[in-house]
Structure formats: C-alpha cells, structure tokens
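Structure at a glance
What follows is the residue order along each chain.
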Amino acid sequence: MATEAHGAEEGGLVFHPMDQFIVKPLFGDGPVAWYTPTNVTLWMAITILAVIALLVLSTSRRSIVPSRGQSVAELAYGFIYKMVEDVTGKEGLKYFPYIMTLFMFIVLANFLGLLPMAFTTTSHIAVTALLAMAVFLTVTVLGFVKNGASFLGLFWVSSAPLALRPVLAVIEIISYFVRPVSHSIRLAGNMMAGHAVIKVFAAFAAIAAISPLSVVAITAMYGLEVLVAFIQAYVFTILTCVYLKDALHPHH
C-alpha cells in the first residue's frame, strides 16, 4: 500500500501490466535456477498434458460419429497435414509429426494463456527462442544431410545477373541466420503485447466513470487475442514448413 501511494504521489503507475510475465518459483521465494520448478514449467507441463488429452485420449475410442474432442483433433490433423503437403510437397510429409506437435504445443499454450490466472509460456522469448532454434538447427542439418554442399545453393540466386549474385548471396546468408530471431520474437512479442494491453484496460475498469468503456475494450481485446493465439501458431508453423522446403529443395 505504501509503495502504491508513493507511486501515485509521484504520478507513476499504480499497476504494472508487465508483472504477469515474471517468472516465479512454485515453491518458496528463492532465486530461480535452471532446475527450479516455476510457473513457466508448470504451464508448459499443463500444455503438454492438454496436447496428449486432445490428440491421444480423445481419439482413443474413435467412432463414425466423432466426439467433440475427436472432431477437433481430426480438424487439426487435416489442417496441418494439408499445410505441410502444400508447402513442402510429398517429400516433406515424413516430417509431419514434428510439425504437428509444434503447432499443437504453440496453439494450446496460447489458448491456455488466455485463462484467468494462467501464465502464457509463449510470451517468453526463452521459450519461443528455443522452439525457433530447434527448427533452425533441424532444417540446417537436414539441408546438408539431404543435399551436401549443394545446400549452399540456397544462398546463390542463379536467376539474378551475375554481377549481383555475390551481393545477393551475402544478403541471403544474413537473412538466413536472422530467421530464428524473427521466428521467435514475432510469437513472443504478439502474445506479450496483447496480454499487456488487456491488463492496462483491466486497471482502468476500477474507475467508475470509464469502467463501461474499459469492459467493452477488454472484451474486444480478448476476442482479438483469441484470434491472435491461433494466427501466431499458424504463422510459426507455416514458416517452419517454408524453412523445411528450403532444406529439401535449396536451389532457387
């Protein structure tokens, strides 16, 4: 209370929309080490259990007339399968299980983060950077394994004029190594920004004069966040398919 009063006297914020992203240990108040169970690890575990429940448990008793869970699982399966096939071709379908798992983890983590008192794990760059680096290293290793030194043809734009090819090669190399950065920041930034805005509107809801407008704004932002939660999972996944296509077919 004293801190809030001091902040109010100085004209500062008495609410902190970014506090919802603080990593906290589940037990005690000590420092957070790499092995410390935290709210992040808890909600990542919940996300994994949700993926298992949706894709395994809900489809364990398949029927001609599907249950709601089976319907959602089948729609997700068909959606990602077609995406992989359309972007990478038939050759990329062998990597479908990895891409399907990646999509389901991200989309369910995004949706679970919209629950009251939940923690959005995909709002942390540490989580999204690990996912992006896993994709980057996987497609890079796969590119060299499948194509050998000819994988470097990805950086040589043979359709361009000869004088421009070295310059374009440098640009292609830089853009290639920037991929995991943009891949991870896009997801984390969008999830963090939406939740922070909702928190700001929620703080203004305590003011009677503008509380109706705040409630309307929160409702609208929440609806937008539901859409963003799916779109960002889709964007992350389709970019993974594009990078996989480059690894399988590196020549321009």
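A brief look at the structure comes next. (Residues numbered from 1 in each chain as written. Predicted model: local features only at pLDDT ≥ 70, side-chain atom pairs only at ≥ 80, totals over all residues. Heavy atoms only, no water.)

Considering the overall build of the protein
Summing up its helical and strand segments, the protein has seven helices and zero strands in all. Each helix and strand of the protein, placed in order from N terminus to C terminus, yields the pattern α-α-α-α-α-α-α. Overall, the C-alpha framework of the protein stretches about 65 × 55 × 40 Å when taken along its three principal axes. Here the protein, with 252 residues, has 37% of them falling under the buried criterion. Here the analysis covers contacts within the protein between residues at least 6 apart in sequence; of these, 69% occur between residues at least 24 apart. In the structure as shown, the protein presents an accessible area of about 14500 Å², 73% of it carried by carbon and sulfur atoms. The average position of the 13 basic charges and that of the 12 acidic charges among the side chains of the protein differ by 16 Å. (Helix = DSSP H or I, 4+ residues; strand = E, 2+ residues; numbered from the N terminus. Buried < 20%, exposed > 50% of the residue type's maximum accessible area, 1.4 Å probe, protein only. Contact = heavy atoms within 4.5 Å. Areas by Shrake-Rupley, 256 points an atom, 1.4 Å probe, with all protein chains shown as cover. Lys, Arg positive; Asp, Glu negative; His and termini not counted. Charge placed at Lys NZ, Arg CZ, Asp CG, Glu CD.)

Some remarks on the layout of surface pockets
The space that makes up the largest pocket amounts to roughly 620 Å³. If you trace the largest pocket, you find 21 residues lining it, with Gln20, Leu115, Pro116, Met117 and Ala118 closest to the centre. Considering each element in turn, the lining of the largest pocket owes the most residues, four residues, to helix α6 (residues 165-204). Its residues assigned to classes, the lining of the largest pocket shows 13 nonpolar, five polar and three charged. (1 Å grid on protein atoms, 1.4 Å probe; cavity = no way out; pocket = protein on both sides within 12 Å on 5 of 7 lines; lining within 4 Å. Points joined across faces, edges and corners; volume = space filled by probe spheres on them. Nonpolar A, V, L, I, M, F, W, Y, C, P; charged D, E, K, R; others polar.)

Things to note about unusual backbone geometry
Peptide bonds are trans in most cases, and residues, glycine excluded, mostly fall at negative phi. The phi torsion at Met117 lies on the positive side, around 70°, for a residue other than glycine. Positionally, Met117 belongs in the loop between α4 (96-112) and α5 (125-147). Using a relative accessible area of 80% as the deciding quantity, one classes Met117 as exposed.

Quick word on the environment of Ala73
Considering the arrangement of structural elements, one finds Ala73 in helix α3 (residues 68-88). When the C-alpha positions of Ala73 and Ser58 are compared, they lie 7.8 Å apart, and in sequence the two are 15 residues distant. Sequence-distant contacts of Ala73, that is, excluding residues within four places in its chain, are made with Leu54, Leu55, Ser58 and Thr59.

Focus: the packing of α4 against helix α7 (residues 211-248)
One can describe the packing of α4 onto α7 by two numbers: an axis separation of 9 Å at closest approach and a directional angle of 160°. It follows from the interaxial angle that α4 and α7 lie roughly antiparallel. At the point where α4 passes α7, the crossing takes the right-handed sense. The residues of α7 that touch α4, namely those facing Ile99, Leu102, Phe103, Ile106, Val107, Asn110 and Phe111, are Val226, Ala229, Phe230, Gln232, Ala233, Tyr234, Phe236, Thr237, Thr240, Cys241 and Leu244. Partitioning the contact of α4 with α7 into residue classes produces 14 nonpolar, four polar and no charged. (Axes fitted to C-alpha atoms, helices over the stretch in contact; angles between N-to-C directions. Parallel < 35°, antiparallel > 145°, perpendicular 65-115°, else oblique. Left-handed = near helix turned anticlockwise from the far one by under 90°.)

So, the nonpolar core
Of all hydrophobic cores here, the largest spans 42 residues; its most connected members are Ile80, Met104, Ile106 and Phe236. Broken down by secondary-structure element, the contributors of at least two residues to this core are α2 (39-57), α3, α4, α5, α6 and α7. With 11 residues, α4 is the largest single contributor of residues to this core. (Core = buried A, V, L, I, M, F, W, Y, C linked by side-chain atoms within 4.5 Å.)

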